[in-house]
Amino acid sequence: MAATPLVGVLALQGDVPEHLKALTASGARATTVRRPEELARLDGLVLPGGESTTISKLAALFGLTEPLRARIAEGLPVYGTCAGMILLADKILDPRAGQETFGGIDMIVRRNAFGRQNESFEASVAVTGIEGPPVDGVFIRAPWVESTGAATEVLATYGGHPVAVRQGNALATSFHPELTGDHRLHGHFTELVRAAA
């Protein structure tokens, strides 16, 4: 078991510094990832919030798409928030032209399902496996999960829609826990990484 696992944050676009801080506070060694060779040494990976179309296009430009798909398929623990959830979906209900995902979770997601930027909100979300009070979820142009396969576990719902899911070593949330100062979900993911190491 790796006492301090090395967890990368895909640093192409989005709220990278907040994830690095949350991971460090959770007992991981956090690092940025921009090149395929940096993936090989990781114990885990976070796909941050941001703009999913932009991240997928930059990943292709940097030669990361296929290496990311391969590592995720091999069982690399991965956690996606907001745009990261979209990138982990096997299918997007309403993709933009040319938008690709890395896959890893048998689910169909809807982009911007909770509304546009000016409709962003915070809400309490009870997440299975997270002890204590509900998590404060920040929803910014957030997706929701339309449907899941048999292997996908729904960990939380909001407004009748799944907003936190897990399949094997892959975890995803519609919302941004990294923006709240509550590091319990990052701690949960760090423990998942330790267990897989």
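Per chain, residues are indexed from 1 in the order of the written sequence. Side-chain atom pairs in this predicted model are given and counted only at pLDDT of 80 or more, local residue features only at pLDDT of at least 70, and totals for whole chains, interfaces and linings cover all residues. Each side-chain value is worked out from all heavy atoms of the structure, with water and hydrogens disregarded.

The name given to the protein in an unreviewed UniProt entry is Pyridoxal 5'-phosphate synthase subunit PdxT, with the source organism recorded as Streptomyces koyangensis. UniProt positions are given in the numbering used here, feature names are shortened, and annotations may be inferred rather than shown by experiment. The record in UniProt for the protein states the following under Subunit (unreviewed entry): "In the presence of PdxS, forms a dodecamer of heterodimers. Only shows activity in the heterodimer." Quoted verbatim from the Function (unreviewed entry) field of UniProt, the annotation for the protein is "Catalyzes the hydrolysis of glutamine to glutamate and ammonia as part of the biosynthesis of pyridoxal 5'-phosphate. The resulting ammonia molecule is channeled to the active site of PdxS."

Novice: Give me the side chain of T53: which residues, what numbers.
Specialist: Mapped onto the fold, T53 is located in helix α3 (residues 52–61). Only protein chains enter the accessibility calculation, which uses a 1.4 Å probe; a residue whose area is less than 20% of its type maximum is buried, one above 50% is exposed, and one in between is partly exposed. Of the residues examined, T53 reaches a relative accessible area of 3% and is grouped as buried. Contacts: residue pairs with any heavy atoms within 4.5 Å of one another. With residues up to four places along the chain from it excluded, the contact list for T53 reads R96, Q99 and R111. Under the DSSP-based scheme used, a helix requires at least four consecutive residues in state H or I and a strand at least two consecutive residues in state E, with every element numbered from the N terminus.

Novice: An account of the packing of aromatic side chains is requested, with residue identities and associated values reported.
Specialist: Put simply, two rings from Phe, Tyr or Trp (the six-membered ring, in Trp's case) pair if the centres are within 6.5 Å, and we call them stacked under 30 degrees between planes, edge-to-face over 60, tilted for the rest. A complete count under the given rule lists nine aromatic pairs for this structure. Each ring, one from Y79 and one from F189, has its centre 5.8 Å from the other, and the planes form 40°; the classification is tilted. Highlighted residues: Y79 in strand β4 (residues 78–81) and F189 in helix α6 (residues 184–196), separated in sequence by 110 residues. A residue is classified by how much of its surface remains accessible, and Y79, at 0% relative accessible area, is buried. Classification of F189 as buried rests on a relative accessible area of 0%.

Novice: Report on the UniProt feature "active site" (unreviewed entry) in the protein, specifying residues and quantitative values.
Specialist: The residues that UniProt annotates with the feature "active site" (unreviewed entry) are C82, H176 and E178. The named residues occupy 97 residues along the chain; their greatest pairwise C-alpha distance, 11.0 Å, places them in one compact cluster. Taking relative accessible area as the criterion, C82 reaches 3% and is therefore assigned buried. Setting aside residues no more than four positions away along its own chain, C82 makes contact with G49, I140, R141, A142, P143, T173, S174, F175 and H176. As for its position among the elements, H176 is in the loop between β12 (170–173) and α6. Not counting residues up to four positions away in its chain, the partners in contact with H176 are D15, G49, T81, C82, V138 and I140.

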